[in-house]
Structure formats: C-alpha cells, structure tokens
Amino acid sequence: MSVDKLKRTVSGLIAVSLFLVSGAVLAEYPLNLTEGVTPTSHRVYELHMIILYIVTVIGIAVFGVMAWSIFHHRKSKGAVAAKFHHSTTAEITWTIIPILILVAMAVPATKTLVFMEQTGDAEMTLKVTGHQWKWQYDYLDEGISFVSALAEEDNAARQRNSGIDPNTIDNYLKNVNNPIVLPVETKIRILTTASDVIHSWWVPALGWKRDAIPGFINDNWTYIEEPGVYRGKCAELCGKDHGFMPIVIHAVPKAEYAAWLEEKRAEQAAANTGADMSMDELMEKGKAVYSANCASCHMPEGQGVAGLFPALDGSLIATGPAEEHINRVLNGLNLMPAFKSQLNDADIAAVITYERNSWGNAVGDMVQPADVKAAR
Amino acid sequence: MSYAAVHDDDHHDHKPTGIGRWLFSTNHKDIGTMYLVFSLFMFFVGGAMAMVIRAELFQPGMQFVDPQFFNSMTTVHALVMIFGALMPAGVGLANWMIPMMIGAPDMAMPRMNNMSFWILPFAFTLLLSTFFMEGGAPAGGWTMYPPLVLQLGNGFPFLIFAVHFLGISSIMGAINIIATVFNMRAPGMTFMRLPLFVWTWIITAFLLIAAMPVLAGAVTMLLTDKYFGTAFFNAAGGGDPVMFQHVFWFFGHPEVYILVLPSFGIISQVIPTFARKPLFGYASMVYATASIAFLSFFVWAHHMFTVGMPLTGELFFMYATMAIAVPTGVKVFNWTATMWKGSMTFETPMLFAIGTLFMFTIGGFSGLMMGITPVDFQYHDTYFIVAHFHYVIVPGIIYGILSGVYYWLPKWTGHMYDEKLGKLHFWLSTVSVNVLFFPMHFIGLAGMPRRIPDYSTQFTDWNQIISIGGFVFGLSQLILVWVVIKCVRGGEKATDQVWEGAHGLEFTLSSPPPFHSFTTPPKVTDAMAHS
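In this text, all values refer to a predicted model and were calculated from it rather than measured experimentally.

1. Concerning the overall build of chain A
At step 1: Per the secondary structure count, chain A includes 11 helices and 10 strands.
At step 2: Relative to its length of 376 residues, chain A is extended, with a C-alpha radius of gyration of 28 Å against a globular reference of 21 Å.
At step 3: Across its three principal axes, chain A shows a C-alpha extent of roughly 90 × 50 × 40 Å.
At step 4: Of all 376 residues assigned to chain A, the portion counted as buried reaches 36%.
At step 5: Across chain A, contacts joining residues at least 24 apart in sequence account for 66% of those joining residues at least 6 apart.

2. Topic: the environment of Met81(B)
At step 1: Here Met81(B) lies in helix α4 (residues 67-102).
At step 2: Each residue touching Met81(B), except ones within four places of it in the same chain, is listed here: Gly46(B) and Leu86(B).

3. Notes on helix α5 (residues 254-271) of chain A
At step 1: The terminal C-alpha atoms of α5(A), which comprises 18 residues, lie 26 Å apart, in line with the 26 Å expected from a rise of 1.5 Å per residue.
At step 2: In terms of burial, α5(A) is a largely surface element, zero of the 18 residues being buried.

4. Thoughts on the interface of chain B and chain A
At step 1: Listed per partner, the contact involves 88 residues of chain B and 88 residues of chain A.
At step 2: Of all elements in the fold, only α4, α8 (241-275), α10 (311-339), α11 (348-371), α12 (373-379), α14 (419-445) and α15 (460-489) of chain B reach the threshold of two or more residues within the side of chain B that touches chain A.
At step 3: With 15 residues, the single largest contributor to the side of chain B that touches chain A is α10(B).
At step 4: A class-by-class count of the residues in the side of chain B that touches chain A yields 50 nonpolar, 28 polar and 10 charged.

5. Concerning the sheet that holds strand β3 (residues 144-148) of chain A
All names here are of chain A.
At step 1: Spatially, β3-β2-β1-β5-β8 is the arrangement adopted by the five strands of the open sheet, whose pairing is mixed. The sheet terminates laterally at β3 and β8 (218-223), the two strands that pair on one side only. Along the sheet, successive strands turn relative to each other by an average axial angle of 25°, direction set aside.

6. Considerations on the nonpolar core
General note: in soluble globular proteins, nonpolar side chains tend to be found buried as a group.
At step 1: Core analysis: the largest hydrophobic core is formed by 254 residues, its most contacted members being Met97(B), Ile98(B), Val198(B) and Met369(B).
At step 2: When sequence neighbours within four positions are dropped, the list of residues in contact with Met97(B) reads Phe197(B), Trp408(B) and Glu506(B).

7. Quick word on the packing of α10(B) against α11(B)
Residues and elements named next belong to chain B.
At step 1: As a packed pair, α10 and α11 sit with axes 10 Å apart at the nearest point and diverge in direction by 165°. Judged by the inter-axis angle, α10 sits roughly antiparallel to α11. You can see that α10 and α11 cross each other, and the crossing is left-handed. Here α10 contributes Met318, Thr321, Met322, Ala325, Thr328, Val332 and Trp335 to the contact with α11, which in turn contributes Leu357, Thr361, Gly364, Leu368 and Gly371.

8. Digging into the pairing of strand β6 (residues 199-203) of chain A
Residues and elements named next belong to chain A.
At step 1: Here β6 lies mainly inside the structure; five of its five residues are buried.
At step 2: Side-chain alternation along β6 places His199, Trp201 and Val203 on one buried face and Ser200 and Trp202 on a second face that is also buried.
At step 3: One ladder, built from five bridges, connects β6 with strand β7 (residues 208-212); its direction is antiparallel. Bridging across to β7, His199 finds its partner in Ala212.

9. What about unusual backbone geometry?
At step 1: Cis geometry marks the peptide bond from Gln132(A) to Trp133(A), where omega comes out at -5°.
At step 2: Here Trp133(A) is to be found in the loop between β1 (124-131) and β2 (134-139).
At step 3: Here Ser511(B) and Pro512(B) are connected by a cis peptide whose omega angle stands at -5°.
At step 4: Tracing the chain through its elements places Pro512(B) in the loop between α15 and α16 (526-529).
At step 5: At Met299(A), a residue that is not glycine, the phi angle is positive and equals roughly 70°.

10. Some words on the confidence of the model for chain A
At step 1: With 93% of its residues at a pLDDT of 70 or more, chain A has an overall mean of 88.
At step 2: When the criterion is pLDDT under 50, residues 22-27 of chain A qualifies, and its contacts beyond four places in sequence or with other chains add up to five contacts.

11. As for the sheet that holds β6(A)
All names here are of chain A.
At step 1: Here five strands make up an open sheet; going across it, the order is β4-β10-β9-β6-β7 and the pairing mixed. Sheet topology places β4 (180-183) and β7 at the edges, where each strand pairs with a single neighbour. Going across the sheet, the axis of each strand differs from the next one's by a mean of 25°, ignoring polarity.
At step 2: Here four bridges tie β4 to strand β10 (residues 247-252), and the two strands are oriented parallel to one another.

12. Considering the packing of α4(B) against helix α6 (residues 156-183) of chain B
Residue and element names in this part refer to chain B.
At step 1: Across the interface, α4 lies against α6 with an axial gap of 11 Å and an inter-helix angle of 15°. Between α4 and α6, the angle falls in the class roughly parallel. For the pair α4 and α6, the sense of crossing is left-handed. Along its contact with α4, which presents Phe83, Met87, Val91, Ala94, Ile98, Pro99 and Ile102, the element α6 presents Leu166, Ser170, Gly173, Ile177, Thr180 and Val181.
At step 2: A per-class count over the contact of α4 with α6 returns 10 nonpolar, three polar and no charged.

Each value, and the rule that gives it
Residues numbered from 1 in each chain as written. Chains lettered and ligands numbered in written order. Predicted model: local features only at pLDDT ≥ 70, side-chain atom pairs only at ≥ 80, totals over all residues. Helix = DSSP H or I, 4+ residues; strand = E, 2+ residues; numbered from the N terminus. Rg over C-alpha atoms; globule rule 2.2 N^0.38 Å. Buried ≥ 20, exposed ≤ 12 C-beta atoms within 10 Å, placed from the backbone. Contact = placed C-beta atoms within 7 Å. Expected span 1.5 Å × (residues − 1). Nonpolar A, V, L, I, M, F, W, Y, C, P; charged D, E, K, R; others polar. Pairing = 2+ DSSP bridges. Axes fitted to C-alpha atoms, helices over the stretch in contact; angles between N-to-C directions. Core = buried A, V, L, I, M, F, W, Y, C linked by C-beta atoms within 7 Å. Parallel < 35°, antiparallel > 145°, perpendicular 65-115°, else oblique. Left-handed = near helix turned anticlockwise from the far one by under 90°. pLDDT = per-residue confidence, 0-100.

Printed below as a string of structure tokens:
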C-alpha cells in the first residue's frame, strides 16, 4: 500500500513538473522504463524502480539538509558561523550507512543478474547478425534466414529534406521490411554477432540489449509472455545509418508460429529456384535489392561518397568483366561486406545486372542466378 | 603591484611585452591565462557543435545535416569539450593558483610549461582540419571503437596524432604540477596543510600520468591495425575488438576523475570561504579523493557491460562501481557539513559551487543506477547515459570551473567582476541546463538510443524542450565572456583578501599579484592552513 502511495505521489510530482514545463498532456510524454513482456524485463523493471526510489529518498534527505542550511544559515539572517570542522562520529556514520544501503541494493541486483545469465535449456535458437545497416536473422534449427532493414516508407521519409512529414508514419523509424516472428511462451536462445562493426541488438520489451561483435558470438535468452509487436533499435554507434536499423518482433501463439514457418520455407524455396530471368525481371528485382542493400553506401544514383565509398557509376568493376563483379559482391573487400551469406543467387544476379545497366553504365549483359551459383 | 615593488627590485626579468610575452612565456600566470582563454574558445567551438546537434534533433526527420556529419558533430563535440575545454581549464587554474597557494614563485619547470600549452593549438589544428578532408571528420564516437573508427577516411591519422599530442601535453602538465608541489612548498606548508585544490590536483596529476599513456597505446594499436597490417582488434586476424574497449576505458574511467577532481578541489575552497567556516573533515576529504582515484582503476568495464562478459566479471565491476559511491558520498556530506551552521552569503562563486553540489549529486545518483549491471542492460547507450554524464560534466565539472573563475577573477585582474551579471549568468545557466538535461532521463528510459540523428515521433516534444534548453544555455555562456572582458578592463578595486571569508596564501598577495608570485617564501602555520 505504502509503495503504491509513494508511486502516486511521485507520478503526481512528475505530472506537476511536466505541467510547469509545457502545460501539455501527460500521455504524450514518455517518462519511464517499460515493464516489458518477459520474466527478465519484469525483474529489471522492479529493480530499476527500487533503486530509483532509494536514490529519490536519499536525494530528498541530502538536498533537504542542504536547502535547510541554505535558507537558515545565511549571514543576512544574522547567522554566526560555528567553529567545528570535524566529527569522527559523524564521518563514520555517513560512511557506514551508505555501505549498508549499497549492500541492500547489491543483493537483488546479483539475483537478477544470475537469473539473466541462465541461457541453457532453450527450445529454439535465433542467430542475429548485425550488418551496416540492417539485421540478418537465422533460425538455426528451422533453416530460415532473412535480412531485415528499415521499411521503405520510413526510409523515404528520413532522407534529408524529403518533404514527407514523419508524423504521417506510424512508428516512424521503427518499421522493417521483414519482421522477426517468434512464438510466445518459449525459451528462445538469442545469439548476437556482426559482420562488419559492432552493433547492439536492443528490444526494450525483452529487458536487455547485447552487443553484436564481429568475430564473437554472445548468447542471451528470452521468454515472451504475451503476443504482440515489440520494437527496438540498434543501440551501438555503427556508422552513418546507425539510427536507421530498427528491430521488429511479432510474438505470436505457437500454432501461428508453426504456420508462419511453413509459409516462410515455401517462400524461400520459390525465391531461389535457380531459373533464368528476363532482363526486365532482373532490372526490377535488382533495383529493389540495390536500394535495400547497396544504396546506403554507394548512394541511390551510384555516385558513392568521396573518400569513403567508391562510385559504381562508371566504375571499373561495374563496367568490366561480370566474373569480377560477381566475385566482389559475393566476397566483399575492405568495408564492403560479403553478400554471399545475406542474399540468394537470384538477388545477387539481379542486383549485378542492375548495376551494370543503370545510371551511366550500359554494359548490356545479363547475369543469371546460375552464374552466381557457379561462382559461389 | 606594491608587493612586487618591495621584493622584485633586484631582478632584471621585468614583464616581457608584445607577442613574445605569450609565445615564449615561462610565467605561470601568463601560461595559465593562455590555457584559460584557449579553454574558453574551445568551449564555444564544442558548444557550436552541440547547437548543430540540438538544431537537427529539434524535430523528427533530417533537416540540416547528413547522418555522417551528425556523427562527426557528436564525436568532435566530445573530443573538443573533454580535451580542449575541460582539461585545459583545469590545467590553467592549476597553473595560476598552485604556485600562489603553496607559496612558490612559479612552476618548477617553466619552459616545459610553455611547451605543454603550445602543443594544444597544434593538436586541435590537426583534429579540426579533418573537417576539410576526404572522408570527413571522425564520426565513430569519441571512444574510437574499432572496427568502426577504422572506416574513417584520410582524417584517421590526424585523429590519432591529435590524441597523441594531447596526451603528451597533459603528461607534461602533470609532471610539472607534481614537481612543483613536491619541491616548491613554502616552509611549514606540509602535505596535510595543502589547500584542497592543490591536493585534488596532485591526485589528478598522478591519474594523468597513469592513464594517458594507456590511451596513447590504444590509439597506436589502431594506427598499426589500419596502416601496418596488425590485427590487435581484428577478430579475423586473431585479435579482439572488445580488447580496445577494455584498454580505452582503463584510461577512460580515470579520465572522468581527471576532469572532476579539480572541480571538487575548487568547491572545497569556495564553500568554506562563503560559509565563513573551515572545511569540514579536511583529512577525510583528502583520503576520500585518493580512494576515488584508486578505485577508478578497477571499474572500467562498467562502461561496457553489454559486450557480454562472464557473470563473475559483471559482478566484480558492479560491486567495485557501487563502492565508489562511498567516498563520493563522504565528500558530498562533508561539503554539506561545511555549510551547516555557517554564515553564508551567495556571491556568484558560491552559487556555482552550490550548483555543483546539487547537480553533481543528481549525476551521481544516475551513475549509481547505471552501476547496477542488470538494469544497465536497459540504460546502456540511451539518452539516460547522455543525461548522466552531462549532469556530471556540465553542472558538475563546468560549474566547479566557473565557480573557481569567479572566485579568483578579482585576484587575477585586481578588479571585482560585475556581480549582477555573474548572478544572471548563474541563474540563466541553471534553469536552462536543467531544461536541457533533465528530460534526457525520461526519453532515455522510454527507449531513445544515443548518437542518432533522427528519432521516432513519440520523442518529439521532449526533444524540442531539450533543444530550447540547449540554445538558452549556449547563449547564456556569452554573459561569461562579457563579465570577464569587463572585469579585465576595469571595475571596483579588489582588496588583497577579495572575499571576507577567504583564507590561503593566494589572498596574502596583492590583487593582481606580482609577476613572480612569492620571491620570498612565506612561513605557514597550522592556524593559517586550517582556518
């Protein structure tokens, strides 16, 4: 009861200060950590609130003493300075009491941390790979793999002076083209790693974030209690489009998840039959693949960024022999990632054909999925 | 100059004139002035970058700059503020005050003093010239984490060598301060009679000597990784990108105390003066400062809890971090006890000192929260941490520096500053700094990551409030420039003691003090030191 009362008082105080700041509606102002939807996030939220209350109480006490002193012990009120300049008792007291408070805080903190680190007994494993600037998800036991990037609508609006009002887009910068679908009430092991620089995979509703580090694999776990859509973002600065690689989880009941798995498997098989495509098909698919995977560095018109990312328009690779072009896309070079693990044969064939026949480039040849397959 | 007239008559080294006075200066006061002016200039350079950041974040969508340039702004803002504004301000105050506070004529190594200052403009020319290079200015964060930092274009070696130069400058400054305090104290000025500002600076200087070479080593490894084919931080070559973070933060956490301890020292001088009461618990203040400095070498990994350490590692760094709250608490309680039953007046230096006391403590609370590992998994890399370290740095460290500037400005110039303008500066800054940084706690908790140039629309209102606070705070600092210029030009004559409650050797000298502070060492008694 008393905690509830305190909660009401504190939120009342915050509401008042909010009103003073702006006079606007409280609901529009996000204020606190989410309680989340996992056992971990509930514990983390509780721990956060406990510590927040402790420091608030200490703050009120310490600031209260300071304020009392400032108002009463002033020369203008005729205060005469006392002469004391130390007190061993006082100093020992205010060393011991903080130590006791800290120990009291360390106990629940340790328990929560131990709970969070129990990654064993998972029922399924999701591998998350950070790329500049998108996420790749591999369902290790289910054989599903896809790349998830900022949704096109958001991407268009976030371009400088795009003329599109971000307020017209629901969940601006928190929409992706391929959301992750996960079952509820399942212990899921989540592995994080990266291909280029360090990223950090963070969905607040799960209660933690963890860095995705090239060459290393971190393991974590989650257990989502309620179906819903949970959104997050990359939390570690990873280059120019760090702010534009969101995460979306659709948590669904187990049966629905099983159906989604079937559908996704069929979709992936259909997308990668290896059959030849026409020039129009290649160019159309290539444009989409280019804007999702290549345009953030090589720029939408293939002009590149001087000193950082080479132009494709008129480049030796994009206008030279197709074999070298395929090799570069498959295996990467320096900052350029190896796309062989991210894109299928049809995607790579299409994007190479597109690059060789767009802007000022007019090689005129077609690269087919079979060529890519042969080069892998 | 009455003191100089009496004691300086058999010297021929009269104050040099013209540009040579500054270029070839070996005088602690002139070099101190150059450090402080340089620091003020860089404060506005870094502040201008913050204004670009806040303008871009005023509303969602990209309006003014590209994401890459935005990242350069956050990165270089931090480098300029830390290495260009805060550290030189601390060294500048040390230069001006330490010889006067310990009864010495000058610093122990005046030519090295000159060199350690003049390295700074060159270092920042290197750093800021990267804005005009192919590939642009550093944009991987001031923490320079690989592999991202290795993607920088032609500016990369300039960044590395700028950091090397800054490190060399700091180490020379630190050696000079240690040599001065250890060798040039007046008779009777024992270590436990040193003013707290001198104590905090000795400890800071040892931290600098211990920490800066570590940073130099870390960035040298980056350089060889980029150009000489080593793989210290490249997993594909058997290296470890996380090792850089360990090495960097082994420097980085002591660096936090390098920045803050001088400010702690300043308010330990200012609060007793205006409370007209001796500092409470002098000895425990010294020990608490030393403990904080010692512990600062054992907590570095709390900056990187999310990299995935073993459970035991996470627990160790959590407990060690929490332990720092104890000596820090002692300091806060001692300052409060110094004010308690005093006879306080609230001139501008006291206002800024009390500002430090309140708002550094707020930063301390959020710091304690982030020391709790499991919750830090949520707080890490959000605006909550941005709020935390800005509370520590701006109304904590910078307020401490401002308190010192207002406190000693009459001593330096011989004139009282304009008290009304000083108070206006304080109140405008204090209201705006809280409007600027307090809401960052809320948006951080609600899920806004740091270092992003554009955000989801739910954060719009807070960001607008924050930006307005930022613009007002930035403009308010122009008042400081006006106060300083006005005070240098003239004003009411300052007495030698300047403040009614002021004690210490610096206040036995004339205002302004003679060119060579103490040519005859004063005798220091216990009553003088602790009154």
